[in-house]
Amino acid sequence: MRYLLLMYQQEAVMRNLPKETAREVHGAYMAYLDALKKAGVLVANHGLQPTSAAATVRAPNGKAVVLNGPFAETKEQLAGYFLIDVPDLDSALSWAERNPTASHGAVEVRPVWG
Amino acid sequence: MQYMLMIFVNEARYPKLTPAEREQGTAAYSAYTEALKKAGVLNGGSRLQPTSAATTVRVANGKSQVLNGPYADSKEQLGGYYMIDVPDLDAALSWAARCPGASHGVVEIRPVWTM
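My aim in this report is to walk through the structure given alongside it, one point at a time. Worth saying up front: this structure is predicted, and the values here are computed from it rather than measured.

Looking at the overall build of chain A
Stage number 1. For chain A, the count of helices and strands is 4 helices and 6 strands.
Stage number 2. When the helices and strands of chain A are read in sequence order from the N terminus, they spell out β-α-α-β-β-β-β-α-α-β.
Stage number 3. Along the first, second and third principal axes, the C-alpha atoms of chain A reach 45 × 40 × 20 Å.
Stage number 4. Sequence separation of at least 24 residues holds for 76% of the intrachain contacts in chain A that already meet a minimum separation of 6.

So this is what it looks like as structure tokens:
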């Protein structure tokens, strides 16, 4: 069963971490990525550029309207995702808990169709 | 350059669709996916189960808090995404405009960090 782990973090906080802390955080993500790979559960992962680089498109009558910025303004912002393949929700939740974002933000777990 | 196209739609509408409308919707997404593949720009994607199946996890002081539901409540909900690889933002925007989600919801585009 595939689950998408969506990572919500405060962009401004993450961007302004002291160098040493930023290095530690990076190390934690590398270790997490490595653990997912070793467990053979990683399908895909990407880190997203900040919401300042986002645009939204609506084309209700075939005419596209483009706006700068993300769809939703939230306290924490989507920073990336891991797509994993695990037997059930419990194991997805335990991988979500181990995700470094869970300790400084929130991880949303969503099952994927098919 | 890789972009994530996130599709936000009102999921409450889906159960109210007639079978014909549902079929039409599926066909529109299949045609769009096919067009992305033919153009050689598709690099993954997923269709998500509704937010009623979502769980949100936070860990504070080593203790984990698990809550039912999505991270954020919004008028439209993340229903799926495509990863595409295109030369620039303009190309990403034009693919986003062609996405069926853009006509009944909104498509957010985010560039991806390359590692």
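Things to note about the pairing of strand β3 (residues 55–60) of chain B
Stage number 1. Looking at chain direction, strand β6 (residues 106–111) of chain A and β3(B) are connected through 3 bridges and run antiparallel. Residue Val107(A) lies in a different strand from β3(B), and its bridge partner there is Val57(B).
Stage number 2. Sheet topology note: the β3(B)/strand β4 (residues 63–68) of chain B ladder contains 6 bridges and is antiparallel. Bridge pairing in β4(B) places Thr55(B) opposite Asn68(B).
Stage number 3. Hairpin geometry of β3(B) and β4(B) is characterised by an intervening segment of 2 residues between the two adjacent antiparallel strands and by a positive phi of about 55° at Asn61(B).

Quick look at the interface of chain B and chain A
Stage number 1. Between chain B and chain A, the residue contacts involve 34 residues of the former and 38 residues of the latter.
Stage number 2. Secondary structure elements with two or more residues in the side of chain B that touches chain A: β1 (2–9), β2 (42–47), β3, β4, α2 (89–98), α3 (100–104) and β6 (105–111) of chain B.
Stage number 3. A total of 6 residues in the side of chain B that touches chain A trace back to one element, the largest contributor, which is β6(B).
Stage number 4. Looking at the side of chain B that touches chain A residue by residue, the class counts come to 22 nonpolar, 8 polar and 4 charged.

Topic: the sheet that holds β3(B)
Stage number 1. The strand order β2(A)-β5(A)-β1(A)-β6(A)-β3(B)-β4(B) describes an open sheet built from 6 strands, whose pairing is antiparallel. Two strands lie at the open edges of the sheet, namely β2 (42–47) of chain A together with β4 of chain B, each paired on one side alone. Mean inter-strand twist for the sheet, computed between neighbouring axes without regard to direction, equals 20°.
Stage number 2. In this sheet, strand β5 (residues 77–85) of chain A lies alongside β2(A) in antiparallel orientation, the contact comprising 5 bridges. Considered in β5(A), the bridge of His46(A) is made with Tyr81(A).
Stage number 3. Against the sheet, helix α3 (residues 89–98) of chain A engages β1 (2–9), β5 and β6 of chain A together with β3 and β4 of chain B, with an angle of about 40° to β3(B).

A closer look at the environment of Val66(B)
Stage number 1. Its location among the elements puts Val66(B) in strand β4.
Stage number 2. Once the C-alpha coordinates of Val66(B) and Gly105(B) are considered, the two residues, 39 residues apart in sequence, prove to be 29 Å apart.
Stage number 3. Ignoring sequence-local partners within four residues, the contact set of Val66(B) consists of Leu93(A), Thr55(B) and Val57(B).

Let's talk about the sheet that holds β1(B)
Stage number 1. In space, the 6 strands of this open sheet follow the order β4(A)-β3(A)-β6(B)-β1(B)-β5(B)-β2(B), with antiparallel pairing throughout. At either margin of the open sheet sits one strand with a lone partner, and together these are β4 (65–68) of chain A together with β2 of chain B. Pairwise comparison of adjacent strand axes, ignoring direction, gives a mean angle of 20° for this sheet.
Stage number 2. Across 4 bridges, β2(B) lies against strand β5 (residues 77–85) of chain B in antiparallel orientation. Within the sheet, the bridge partner assigned to Gly45(B) lies in β5(B) and is Tyr82(B).

The rules behind these values
- Residues numbered from 1 in each chain as written.
- Chains lettered and ligands numbered in written order.
- Predicted model: local features only at pLDDT ≥ 70, side-chain atom pairs only at ≥ 80, totals over all residues.
- Helix = DSSP H or I, 4+ residues; strand = E, 2+ residues; numbered from the N terminus.
- Contact = placed C-beta atoms within 7 Å.
- Pairing = 2+ DSSP bridges.
- Nonpolar A, V, L, I, M, F, W, Y, C, P; charged D, E, K, R; others polar.
- Axes fitted to C-alpha atoms, helices over the stretch in contact; angles between N-to-C directions.

Without other data, these values stay purely geometric and don't point to any function.
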